[in-house]
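Structure assessment
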Number of protein chains: 2
Amino acid sequence: MKNLLVAQSGGPTAAINASLAGVISKAKEKKEIDKIYGALNGIEGIFNERILELSNLDLKLLKQTPSAYLGSCRKKLPDIAKDEQTYQDIFSYFAKHNIGYFIYIGGNDSMDTVCKLSDYATEHHLDVKIIGVPKTIDNDLANTDHTPGFGSAAKYVATTVSEITEDSLVYDLKSVTIVEIMGRHAGWLTAAAALARNEHRAAPQLIYLPEVDFSKEQFIKDVKDQFQRGVNHIIIAVSEGIHDENGTLICEGEASAADSFGHAMLSGAGKVLENLVKKEIGCKARSVELNVCQRCAGHLLSETDIAEAFLIGEMGVEAAISGKTGEMMVFTRVSDAPYTIRVESADIHGSANVEKRVPKEWIINGNDITSDLITYLRPLISGQTPILFRQDGLPEYLYR
Amino acid sequence: MKNLLVAQSGGPTAAINASLAGVISKAKEKKEIDKIYGALNGIEGIFNERILELSNLDLKLLKQTPSAYLGSCRKKLPDIAKDEQTYQDIFSYFAKHNIGYFIYIGGNDSMDTVCKLSDYATEHHLDVKIIGVPKTIDNDLANTDHTPGFGSAAKYVATTVSEITEDSLVYDLKSVTIVEIMGRHAGWLTAAAALARNEHRAAPQLIYLPEVDFSKEQFIKDVKDQFQRGVNHIIIAVSEGIHDENGTLICEGEASAADSFGHAMLSGAGKVLENLVKKEIGCKARSVELNVCQRCAGHLLSETDIAEAFLIGEMGVEAAISGKTGEMMVFTRVSDAPYTIRVESADIHGSANVEKRVPKEWIINGNDITSDLITYLRPLISGQTPILFRQDGLPEYLYR
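So, a few notes on the structure that sits alongside this text. Please read all numbers here as calculations on a predicted model, not as lab measurements.

1. Overview of the overall build of chain A
When helices and strands are counted, chain A shows 12 helices and 13 strands. Computed over C-alpha atoms, the radius of gyration of chain A comes to 22 Å, within 12% of the 21 Å expected from 2.2 N^0.38 for 400 residues, which places it in the range of a compact globule. For chain A, with 400 residues in total, the buried portion stands at 65%. Restricting the contact set of chain A to residue pairs at least 6 apart, pairs at least 24 apart contribute 76%. For chain A, the accessible area works out to roughly 14200 Å², and carbon and sulfur atoms hold 47% of it. Placing the 41 positive and 54 negative side-chain charges of chain A at their respective mean positions leaves the two points 3 Å apart.

2. Notes on the sheet that holds strand E9 (residues 284–289) of chain B
Backbone-to-backbone hydrogen bonds join strands into a sheet, with any given pair of strands oriented parallel or antiparallel. Residues and elements named next belong to chain B. Taken in spatial order, the 4 strands of this open sheet run E7-E8-E6-E9, and their pairing is parallel. Two strands close off the open sheet at either side, each with one partner strand: strand E7 (206–208) and E9. Across this sheet, the average inter-strand angle for adjacent strands is 15 degrees, counted without regard to direction. Here E7 pairs with strand E8 (residues 233–239) via 3 bridges, running parallel. Considered in E8, the bridge of isoleucine 207 is made with alanine 237.

3. Some thoughts on the relation of the copies chain B and chain A
Expressed as a screw operation, the relation of chain B to chain A combines 0.0 Å of axial shift with a rotation of 180 degrees, fitting to an RMSD of 0.0 Å. In symmetry terms, the pair is related by a two-fold rotation axis. Here 100% of the interface residues in chain B have copies in chain A that are interface residues too; the copies meet face to matching face.

4. Section: the pairing of strand E6 (residues 175–181) of chain A
Residue and element names in this part refer to chain A. The buried fraction of E6 is high, at 7 of 7 residues. Residues of E6 alternate between two faces, with Ser175, Thr177, Val179 and Ile181 on one and Val176, Ile178 and Glu180 on the opposite face, all of them buried. With 7 bridges joining them, E6 and strand E8 (residues 233–239) adopt parallel strand pairing. Directly across from serine 175, in E8, lies its bridge partner histidine 233. Relative to strand E9 (residues 284–289), E6 runs parallel, the two being bridged by 6 bridges. The residue of E9 that forms the bridge with valine 179 is valine 288.

5. Comments concerning the interface of chain B and chain A
Think of interface size as the accessible area that goes away when the parts come together; that is how it is often given. Listed as interface residues are 61 residues of chain B and, on the opposing side, 61 residues of chain A. Of the roughly 4900 Å² buried between chain B and chain A, counting both surfaces, carbon and sulfur atoms make up 54%. Of all residues in chain B, Glu163, Tyr171 and Tyr399 of chain B give up the largest surface area on contact with chain A, accounting jointly for 14% of the area buried on that side. Where chain B packs against chain A, one counts 6 salt bridges.

6. Remarks on helix H6 (residues 150–168) of chain A
Within an α-helix, residues lying three or four positions from one another point in the same direction, as the helix has 3.6 residues per turn. The end-to-end C-alpha distance of H6 of chain A is 26 Å, a good match for the 27 Å that 19 residues give at a rise of 1.5 Å each. Counting buried residues in H6 of chain A gives 19 out of 19 residues, a clear majority hidden from the surface.

7. Some remarks on the nonpolar core
Leu189 and Leu373 of chain A together with Leu189 of chain B are the most contacted members of the largest nonpolar core, which totals 86 residues. Once residues lying within four places of it in the same chain are set aside, the contact partners of leucine 189 of chain A are Ile137, Phe150, Ala153, Ala154, Val157, Ile181, Met182 and Gln294 of chain A.

8. Considerations on the pattern of salt bridges
Following the criterion strictly, the structure yields 42 salt bridges over all chains and no others. Arginine 197 of chain A is the salt-bridge partner of aspartate 368 of chain A, the closest N and O atoms lying 2.9 Å from each other. Taken together, the residues aspartate 368 of chain A in strand E13 (residues 368–369) and arginine 197 of chain A in the loop between helix H7 (188–191) and strand E7 (206–208) connect sequence positions 171 residues apart. Each member of the pair aspartate 368 of chain A and arginine 197 of chain A is classed as buried. Where arginine 390 of chain B meets glutamate 199 of chain A, a salt bridge forms, and the shortest distance between an N and an O atom there is 2.8 Å. In this pair, arginine 390 of chain B sits in the segment after helix H12 (371–377) while glutamate 199 of chain A sits in the loop between H7 and E7, so the two residues belong to two different chains. You can call arginine 390 of chain B buried: its relative accessible area is 17%. When salt bridges with common partners are traced through the structure, they connect Lys26, Glu29, Lys30 and Glu318 of chain A into a single cluster.

9. Overview of the packing of helix H1 (residues 16–29) of chain B against helix H11 (residues 303–321) of chain B
Residues and elements named next belong to chain B. Running from N to C, H1 and H11 cross one another at 40 degrees; their axes reach a closest spacing of 7 Å. The angle between the axes of H1 and H11 places the two elements in the oblique class. Of the two possible hands of crossing, H1 and H11 adopt the one that is right-handed. Contact with H1, carried on its side by Ala18, Ser19, Ala21, Gly22, Val23, Ser25, Lys26 and Ala27, involves Ile306, Ala309, Phe310, Ile312, Gly313, Glu314, Val317 and Glu318 of H11 and no other residues of that element.

10. Observations concerning unusual backbone geometry
For the bond from alanine 203 of chain A to proline 204 of chain A, the omega torsion is 0 degrees, close enough to zero to count as cis. Going from alanine 337 of chain A to proline 338 of chain A, the amide bond is cis rather than trans, its omega being 0 degrees. Here serine 67 of chain B, not a glycine, exhibits a phi torsion of approximately 70 degrees, which is positive. Its place among the elements puts serine 67 of chain B in the loop between helix H3 (59–63) and helix H4 (84–96). The buried category is assigned to serine 67 of chain B, whose relative accessible area is 2%. Of note, the phi angle at asparagine 98 of chain B is positive, near 55 degrees, even though the residue is not glycine. On the secondary structure map, asparagine 98 of chain B appears in the loop between H4 and strand E4 (99–106).

11. With respect to the side chain of lysine 30 of chain A
Relative to the helices and strands, lysine 30 of chain A is located in the loop between helix H1 (16–29) and strand E2 (33–39). Discounting chain neighbours no more than four positions away, the residues touching lysine 30 of chain A are Val317, Glu318 and Ile321 of chain A.

12. Examining the sheet that holds E7 of chain A
All names here are of chain A. One open sheet holds the 4 strands; their spatial order is E7-E8-E6-E9, and the pairing between them is parallel. Edge strands, defined here as strands with exactly one partner in the open sheet, are E7 and E9. The average undirected angle you get between the axes of adjacent strands in this sheet is 15 degrees. Against the sheet, H6 engages E6, E8 and E9, with an angle of about 165 degrees to E6.

How each quantity is defined
- Per chain, the residues get numbers from 1 upward, laid out in the order the sequence is written.
- In the order they appear in the text, chains get letters beginning with A and ligands get numbers beginning with 1.
- Local features in this predicted model are restricted to residues of pLDDT 70 or higher, and side-chain atom pairs are both shown and tallied only at a pLDDT of 80 or more, whereas totals for entire chains, interfaces and linings draw on every residue.
- Hydrogen atoms and water are omitted, and side-chain values are computed over all heavy atoms in the structure.
- Numbering of helices and strands runs from the N terminus, with a helix taken as a DSSP run of H or I at least four residues long and a strand as a DSSP run of E at least two residues long.
- Atoms counted for the radius of gyration: C-alpha only. Globule rule: 2.2 Å times residue count to the power 0.38.
- Relative accessibility decides the category of a residue: with a 1.4 Å probe and only protein chains considered, values under 20% of the type maximum give buried, values over 50% give exposed, and everything between is partly exposed.
- Note on definitions: a residue-residue contact is assigned when non-hydrogen atoms from the two residues lie within 4.5 Å.
- Values of accessible area rely on a 1.4 Å probe in the Shrake-Rupley scheme; residue burial ignores everything except the protein chains shown.
- Only four residue types enter the tally: Lys and Arg on the positive side, Asp and Glu on the negative side, with His and both chain ends excluded.
- We put the charge of a Lys on NZ, of an Arg on CZ, of an Asp on CG and of a Glu on CD.
- When DSSP finds two or more bridges between a pair of strands, those strands are recorded as paired.
- Helix axes use the C-alpha atoms of the stretch in contact, all axes being lines fitted to C-alpha atoms, and the angles between their N-to-C directions lie in the range 0 to 180 degrees.
- The atoms used to superpose the copies are C-alpha atoms, taken from residues with pLDDT of at least 70 in both, and the fit is least squares.
- Simply put, the buried area is the total loss of 1.4 Å probe accessible area from both parts when two parts are fitted together.
- Counted as salt bridges are all cases of a side-chain nitrogen of Lys or Arg within 4 Å of a carboxyl oxygen of Asp or Glu.
- Take the residue count of a helix, subtract one, and multiply by 1.5 Å to get its expected span.
- Residues grouped as a nonpolar core are buried Ala, Val, Leu, Ile, Met, Phe, Trp, Tyr and Cys residues, joined through side-chain atoms within 4.5 Å.
- Should an angle fall under 35 degrees it is called roughly parallel, over 145 degrees roughly antiparallel, and 65 to 115 degrees roughly perpendicular, with every other angle called oblique.
- Whether a crossing is left-handed or right-handed is set by the direction in which the near helix is turned from the far one by less than a right angle, anticlockwise for left-handed and clockwise for right-handed.

Encoded structure:
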């Protein structure tokens, strides 16, 4: 019997704890597994020796708790060739604590960690099975149909855009409302704003993804065109990462620093466009940045997303127990209607450090998306997880 | 038999349609009332003669629909002495359509309209009963314990602050997160952020209301003090309307225009403080502006608020039928525990154009609130209205 270690990494989502609950639930069933440990703040918890025993957590509550119960990190491991000591430290920690299985729940950068650790283990014949369980609201991981966490974020975005639309309609005057949505390089979540459309509402009328170059001139033309067609309350979904043909971010004036992965810290594409509309068109304009709320809204969960996040956590443990290592768990879509997926695993070398972006053929005129993309997105926000509330009127979450 | 006319005015809330549903529901029961009309875009709908017959609306759906079903306006009526024609126009409209009852659902500015119309009717012996039904997320109306719409906004604010707190805790580094909340002059909604606190979480650690002068120097001292006490992830709730001792808004650099009531249009107190923290302290800092989402989040409703909003709409009709006019419906709190209220009515002259602000004795040190204020707030977010969802995964709303 060996022990299992699990950790979470990257940006929070509303579903990453459901995957953790799935890992714990399945690990408890397995006779091959003795203790179930969680490292705090991702891989950092190994260096700091900060670990928890997880067997007694309330998994039902953990499943509906947003953000990362074990904390997260943004640490990227060095190249093995350049700094072997780091890897020796990690694997002596594994040996000392009899860790036979390491499950890392995270996004693109976390899969890079899974890749390096499993490469090192293979090279040195170390018997630790290392499996990546994906999560990211950005939905930008390769080889998987979609990522856990995306569906709940998409449901939040679509719901909020539909509510902002109702809010914008109350006054009898022309207005432009710009909703800025997360996703630096991938427009999946921005595209999910289109799910707010129904037989009564065409909003958002315009959608701008980071996959295509953004032109301020064309944007103003697009807005004027909507007014000319008789739309008086225009709702616009924009990605935080829209950029011009030279790759310069529209919000660049407001970009400030860079995080430890060298990603520029963005803010303000919506605000820039709000000011542009005021200046060029002169109508009422407002921008709403959904900000971190779109990734941590535990009170509004996609049932499909949470069920799948739990399942893929369970399947990660199954994969490790069956002897797999250096793999990322993935969803393969079997059909759209009825919506059916299979959980499989894929070689981590093809999954890490590859960003899956919205295909050009799913983008129309640089300002809208196709019905094929809506067909892809729709099932992911389906169903709502019934939330437990505390006596004090707030959702009940599991606190560490 | 006379007809009843109802309209909505001022900023949207998640509960104003519940009051409309209450008005319609009660009016349908009354033998004194024939037709039930709704004017579109508040008092503007009378001038434009844009009215709807409302008897056949799905009231259950209307009750959970955010924003204003009938649309809204920000029109302020002129002084009677200065422009009698406006009043003659309105009352000939009433006469032409046999309107015996006019219910105006709105905030402070709307109660000014109720006041002027009822004064005119009394002066000219016109038999139209005019009743105000309050609504505002700002909770700043006089003579009523609280206002419909506030409880749902408060529940949204508290829930979102609790989720943003979980989001902020994931990284093992010092951070400051500033949440900017609506309320230009009244800090009730900002104070509701304190409802996010529980036995596990002390966030928000700092709360700044517009009722007290704000000092940037003291603010930086407050933040440093929290770090010194060992709080690594500081959550701060600030009102959009915080201002210095001269009354200059903290966001003033970013204030742009004024609306038709002469209110400055605000944005950016949170962003200003975020930059201040980065500059003066140098730690990770983020600001989140809850923006219109806090007033239109139909997917997260306080059951208490929605039930009371419906009830006060019903009682408005009862008051009009019983012969009252020139009154605003109000809540009187009978007790905190068990929470009990009475619905009464109060002379509109004491209610219109008075802003009820958070009493100084409920504010501590300029950066926190008392437990008395929490006791006042807590029952208002109690219970959650079960929301109907559409097949497509979004909340089901009633569309006009």
